Amino acid sequence: MKSKAWTEKFMQGVFFVAACASVLAVALICIFLFANGIPAMREIGFIKFLTGEIWRPNSEQFGILPMIVGSLYVTAGAIIFGVPIGILTSVFMAMYCPKQIYKPLKAATELLAGIPSVIYGFFGLVVVVPLIREFGTVLYKANLVKNPGNGNSILTASLILGMMILPTIIGTTESAMRAVPSHYYEGSLALGATKERSIFRVIIPAAKSGVIAGIVLGIGRAIGETMAVIMIVGNQARLTGSILEGIRTLTGNIVIEMGYATGLHREALIATGVVLFVFILIINLSVALLKRGADHE
């Protein structure tokens, strides 16, 4: 009995140390970011830093508005492409998929999550960029756009990010739909509703917390992606109104310039990380609130 009690106390201590290590890691990251980033924001000017449209380190001009807008552009594009496909795939897997193909399809969607981001970027660079270049040329010849672009664009990045967030949305949404009690669906059919109407008017609304949580997690994946994006997005620090032109994201800005940055330039990049960190915190807070709402339902 004494040996069993000692083992339980020992394992309790191991679990406590592991939990403390996780909290400590987050705390150290926060301290590093804010200790180095906030002074840079103060020196540059908070408003000037966040709303400035020019990023020119050689002239000590550090405006990250183009990068903020660029990150929002590609994230919004990823949502437009990824969310409908992800939800419809989840509906098929949860409600329509034959047992013979469910396992291969499930394995394929899970494999998407395991593919390194650099492979997505390489696929985009070799396959998607030429297609978007040709698409832009067609639109330019038809006088529908002023600049056809070179294929490295917001549209290309949005397509690739839409692919990358699919596993997150599909996995979360399918699990949420399977968790809905079967009598909801059966009752809807008994009242005369079609199968499709029962799914979209009963099952999905009942699973809305899980569906929205999957979408929010997908947004977090998209806004924090770096390697794939910098390979295909063009990386021009500018504001643009065309999805066929290139831009630069917050993560891309840090990765591209951190290797040679010094002084205020380096601190401004860390401050860019602070802005990105705040975005991720907001996303995580949204997920926590959604889960809390699901627990109360």
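- Looking up the protein in an unreviewed UniProt entry gives the name Phosphate transport system permease protein, with the organism given as Mediterraneibacter catenae.
- Its UniProt record gives the protein a comment under Sequence similarities (unreviewed entry), which states: "Belongs to the binding-protein-dependent transport system permease family. CysTW subfamily."
- Within the UniProt record for the protein, the comment given under Function (unreviewed entry) is "Part of the binding-protein-dependent transport system for phosphate; probably responsible for the translocation of the substrate across the membrane."

Here's the deal with the nonpolar core
Move 1: Formed by 36 residues in total, the largest nonpolar core has its most connected members in V74, I87, I160, L161 and M177.
Move 2: Elements represented by at least two residues in this core include exactly α3 (65–96), α5 (117–141), α6 (154–164), α7 (166–178), α9 (195–206), α10 (208–224) and α11 (227–232).
Move 3: The residues touching V74, leaving out its near neighbours within four places in the chain, are I154, A157, S158, L161, V233, I247 and T249.
Move 4: The next biggest cluster of nonpolar side chains, apart from the first, holds 25 residues, and it includes V216, L276, I283 and V287.

As for the environment of H183
Move 1: Tracing the chain through its elements places H183 in helix α8 (residues 182–190).
Move 2: Judged by its relative accessible area of 52%, H183 falls in the exposed class.

Section: the side chain of H265
Move 1: Assignment of secondary structure puts H265 in helix α13 (residues 263–296).
Move 2: Take H265: its relative accessible area is 10%, and that puts it in the buried class.
Move 3: If sequence neighbours within four positions are ignored, H265 has contacts with W55, P57, F62, E257 and Y260.

Thoughts on the UniProt feature "transmembrane region" (unreviewed entry) in the protein
Move 1: As annotated in UniProt, the feature "transmembrane region" (unreviewed entry) corresponds to residues 12–35, 72–96, 108–132, 152–170, 211–234 and 268–290 in the numbering used here.
Move 2: Taken end to end, residues 152–170 has its terminal C-alpha atoms 28 Å apart, with 84% of it in helix and 0% in strand.
Move 3: In residues 211–234, the share of helix is 83% and the share of strand is 0%. The end C-alpha atoms are 32 Å apart.

Examining a nonpolar patch on the surface
Move 1: On the surface, F122, F123, L125, V126, V127 and L131 cluster together into a nonpolar patch covering about 540 Å² of accessible area.
Move 2: Its place among the elements puts F122 in helix α5.

Section: the confidence of the model for the protein
Move 1: Here the protein averages 88 in pLDDT, and 97% of its residues register 70 or above.
Move 2: α6 holds the highest mean pLDDT among the elements of the protein, 94, whereas α13 holds the lowest, 81.

A few points about the packing of α8 against α9
Move 1: With their axes 9 Å apart at the nearest point, α8 and α9 run at an angle of 145 degrees to one another. The way α8 lies across α9 gives a crossing that is right-handed. Together, Y184, Y185, S188 and L189 of α8 and K195, S198, I199, V202, I203 and A206 of α9 make up the contact between the two elements.
Move 2: Of the residues assigned to the contact of α8 with α9, the class counts are seven nonpolar, two polar and one charged.

What about the packing of α5 against α6?
The angle between the axes and the distance between the axes are what describe a pair of packed helices.
Move 1: Two elements in contact, α5 and α6, have axes whose closest approach is 9 Å; the angle formed by their N-to-C orientations is 140 degrees. Our classification of the angle between α5 and α6 gives oblique. Considering how the two elements wind past one another, α5 and α6 form a crossing that is right-handed. For the pair formed by α5 and α6, the contact residues are S117, Y120, F123, G124, V128, V129, I132 and F135 on the first element and L155, T156, L159, I160, M163 and M164 on the second.
Move 2: Tallied by class, residues from the contact of α5 with α6 come to 11 nonpolar, three polar and no charged.

Overview of α3
Move 1: If you check α3, its first and last C-alpha atoms are 45 Å apart, about what 32 residues at 1.5 Å a residue would give, namely 46 Å.
Move 2: At G82, α3 shows its largest bend, some 30 degrees, and a proline, P84, comes one to four positions later.

Describing the environment of F32
Move 1: One can find F32 in helix α1 (residues 2–44).
Move 2: Each C-alpha atom, one on F32 and one on V274, is 9.7 Å from the other, the two residues being 242 residues apart in sequence.

The rules behind the values
- Residues numbered from 1 in each chain as written.
- Predicted model: local features only at pLDDT ≥ 70, side-chain atom pairs only at ≥ 80, totals over all residues.
- Heavy atoms only, no water.
- UniProt positions renumbered as here; feature names shortened; annotations may be inferred.
- Core = buried A, V, L, I, M, F, W, Y, C linked by side-chain atoms within 4.5 Å.
- Buried < 20%, exposed > 50% of the residue type's maximum accessible area, 1.4 Å probe, protein only.
- Helix = DSSP H or I, 4+ residues; strand = E, 2+ residues; numbered from the N terminus.
- Contact = heavy atoms within 4.5 Å.
- Patch = residues over 30% accessible without salt bridge, like charges linked within 9 Å, V, L, I, M, F, W, Y side chains within 5 Å.
- Areas by Shrake-Rupley, 256 points an atom, 1.4 Å probe, with all protein chains shown as cover.
- Salt bridge = Lys/Arg side-chain N within 4 Å of Asp/Glu carboxyl O.
- pLDDT = per-residue confidence, 0-100.
- Axes fitted to C-alpha atoms, helices over the stretch in contact; angles between N-to-C directions.
- Left-handed = near helix turned anticlockwise from the far one by under 90°.
- Nonpolar A, V, L, I, M, F, W, Y, C, P; charged D, E, K, R; others polar.
- Parallel < 35°, antiparallel > 145°, perpendicular 65-115°, else oblique.
- Expected span 1.5 Å × (residues − 1).
- Bend = angle between axes of the 7 residues up to and from the residue.

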